[in-house]
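Descriptive analysis of the structure
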Amino acid sequence: MTISLHQKDMVITPLIYQGQSPYQIITNHPELDMSVRTLYSYLNDGVLTARNIDLKRKVKFKPRKVHKPQIKDRTVFEGRMFTDFQKLELDHFAEMDTVHSSQESKRVILTFFLTREKLFLAFIMNRCTKGAVRLIFDKLEHQLGTYDFLTLFNTILTDRGSEFGDPDSLETGTDGIIRSNIYFCDPMRSGQKGGIEQAHTMLRMVLPKKTSFEFLTQWDLRTIVNHINSTPREILGGRTPYDVALENYGIDILKALQLRPIPPDEVYLTPKLIRFNH
């Protein structure tokens, strides 16, 4: 049965307003029987209620200004340089970073990105310190168990922020077992961990820059992460990071991380997501 343009508009426009991309909508709604290019044309030409201006902004990478203190002890980089990482020739690994709050709050978000599954994880920290990062590592190892922690975070690539300045403590588990291997990007080269930079772009659709994290909870972050991980990716053949992670790691690991899938038409990638859930 042919769907009228009005019927298509009733499907497309609400999802555009929820922050979903044309690719995401077309992937989840094959009954629309149109290409992504056609949908962009409709939006540009004003055929639908939603307009081109309603689209979430496209990912653009710009050199990021270093606004956080950097590691001063150069000895921590021995054997952990980006050139050392490249020699491993890994086909998948984890990337790690922090996202900062507005100046009104010292709270930060510690983020991880699993490059094969495109799975995004985020954890709130009260301060951007080495000890706070260590606490998240210990909590994750406790939730997952050492073996599953190693499965996900065996190799981590991160920047030179001072909060990552004690890699020995992060690499060593509570029982003394080596649980990870940490490597550092070159200075001012955030693009060397481009996967997590893209994930941060999606995070900022819900938590725009200058947003205060003072009252942000881990429950809020888990909600945001679930919506991001339930967004289909072209690089995954239209599958979601959650589904690929489920296939690769199994349900027990995803439950330990407290992840769950969001139905396609319920995915929000706008600031309304947190307001709705409050």
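Residues numbered from 1 in each chain as written. Predicted model: local features only at pLDDT ≥ 70, side-chain atom pairs only at ≥ 80, totals over all residues. Heavy atoms only, no water.

**Considering the overall build of the chain**
If you tally the helices and strands in the chain, you get twelve helices and five strands. Here the C-alpha atoms of the chain give a radius of gyration of 20 Å, agreeing with the 19 Å that 2.2 N^0.38 yields for 278 residues. Out of the 278 residues belonging to the chain, those deemed buried represent 51%. Considering only contacts within the chain whose residues lie at least 6 apart along the sequence, 70% involve residues at least 24 apart. Carbon and sulfur atoms make up 53% of the accessible area of the chain, which amounts to about 14,300 Å² in all. In the chain, which carries 37 positive and 33 negative side-chain charges, the distance between the mean positions of the two groups comes to 7 Å. (Helix = DSSP H or I, 4+ residues; strand = E, 2+ residues; numbered from the N terminus. Rg over C-alpha atoms; globule rule 2.2 N^0.38 Å. Buried < 20%, exposed > 50% of the residue type's maximum accessible area, 1.4 Å probe, protein only. Contact = heavy atoms within 4.5 Å. Areas by Shrake-Rupley, 256 points an atom, 1.4 Å probe, with all protein chains shown as cover. Lys, Arg positive; Asp, Glu negative; His and termini not counted. Charge placed at Lys NZ, Arg CZ, Asp CG, Glu CD.)

**Points about helix α1 (residues 5-17)**
A rise of 1.5 Å per residue sets the reference length of α1, with its 13 residues, at 18 Å; its end C-alpha atoms lie 18 Å apart and thus fit the reference within 8%. Taken together, the buried positions of α1 are Lys-8, Asp-9, Ile-12, Thr-13, Leu-15 and Ile-16. Looking at the packing, one finds that the buried side of α1 touches α2 (22-28) and α3 (36-45). Phi turns positive one or two residues past the end of α1, at Gly-19, with a value near 90°. (Expected span 1.5 Å × (residues − 1).)

**What to know about the pattern of salt bridges**
All chains considered together, the criterion is met by nine salt bridges. With its nearest N and O atoms 2.8 Å apart, the salt bridge here joins Lys-193 to Asp-97. Of the two residues, Lys-193 is situated in the loop between β5 (181-184) and α8 (194-206) and Asp-97 in strand β1 (residues 94-100); the sequence distance between them amounts to 96 residues. The pair formed by Lys-193 and Asp-97 is uniform in burial state, with each residue classed as buried. Close ionic contact of Lys-193 with Glu-197 constitutes a salt bridge, the shortest N to O distance being 2.9 Å. Here the two residues Lys-193 and Glu-197 agree in accessibility, since each one is buried. Among the ionic contacts, a cluster of salt bridges with common partners joins Arg-134, Asp-138, Glu-141 and Arg-179. (Salt bridge = Lys/Arg side-chain N within 4 Å of Asp/Glu carboxyl O.)

**Overview of the environment of Met-205**
Tracing the backbone through its elements, the reader meets Met-205 in helix α8. With a relative accessible area of 11%, Met-205 lands in the buried category. Residues Met-205 and Gly-19 lie 186 residues apart in sequence; the distance between their C-alpha atoms is 7.9 Å.

**Focus on the packing of helix α5 (residues 130-144) against helix α6 (residues 146-153)**
Where α5 contacts α6, the two axes come as close as 6 Å, and the packing angle between them is 120°. The pairing of α5 with α6 is recorded here as oblique in orientation. In the crossing of α5 with α6, the sense of the turn from one axis to the other is right-handed. In contact with Phe-137, Leu-140, Glu-141 and Leu-144 of α5, α6 contributes Thr-146, Asp-148, Phe-149, Leu-152 and Phe-153. Taken together, the residues of the contact of α5 with α6 sort by class into six nonpolar, one polar and two charged. (Axes fitted to C-alpha atoms, helices over the stretch in contact; angles between N-to-C directions. Parallel < 35°, antiparallel > 145°, perpendicular 65-115°, else oblique. Left-handed = near helix turned anticlockwise from the far one by under 90°. Nonpolar A, V, L, I, M, F, W, Y, C, P; charged D, E, K, R; others polar.)

**Regarding α5**
An ideal rise of 1.5 Å per residue puts 21 Å on 15 residues; α5 measures up with 21 Å between its terminal C-alpha atoms. Inspection of α5 places Ala-132, Val-133, Ile-136, Phe-137, Asp-138, Leu-140, Glu-141 and Leu-144 among the buried residues, and these make up the whole buried set. After α5 finishes, the residue Gly-145 shows a positive phi value of roughly 90°.

**Side note on the environment of Met-34**
Turning to its location among the elements, Met-34 is positioned in the loop between α2 and α3. Between the C-alpha atom of Met-34 and that of Lys-8, which follows or precedes it by 26 residues, the distance is 9.8 Å.

**Describing unusual backbone geometry**
A positive phi angle, close to 60°, is found at Lys-118, a residue other than glycine. With respect to the element layout, Lys-118 can be found in the loop between β2 (108-114) and β3 (119-125).

**Overview of the pairing of β3**
For β3, the tally of buried residues reaches seven of seven residues, placing the bulk of the element in the interior. Taking every second residue as pointing to the same face, both faces of β3 are buried, with Leu-119, Leu-121, Phe-123 and Met-125 on one and Phe-120, Ala-122 and Ile-124 on the other. Where β2 and β3 come together, seven bridges link them in antiparallel fashion. Looking at the pairing, Leu-110 lines up with Phe-123 of β3. Connecting β2 to the next strand, β3, in antiparallel fashion are four residues, including Lys-118 with a positive phi near 60°. (Pairing = 2+ DSSP bridges.)

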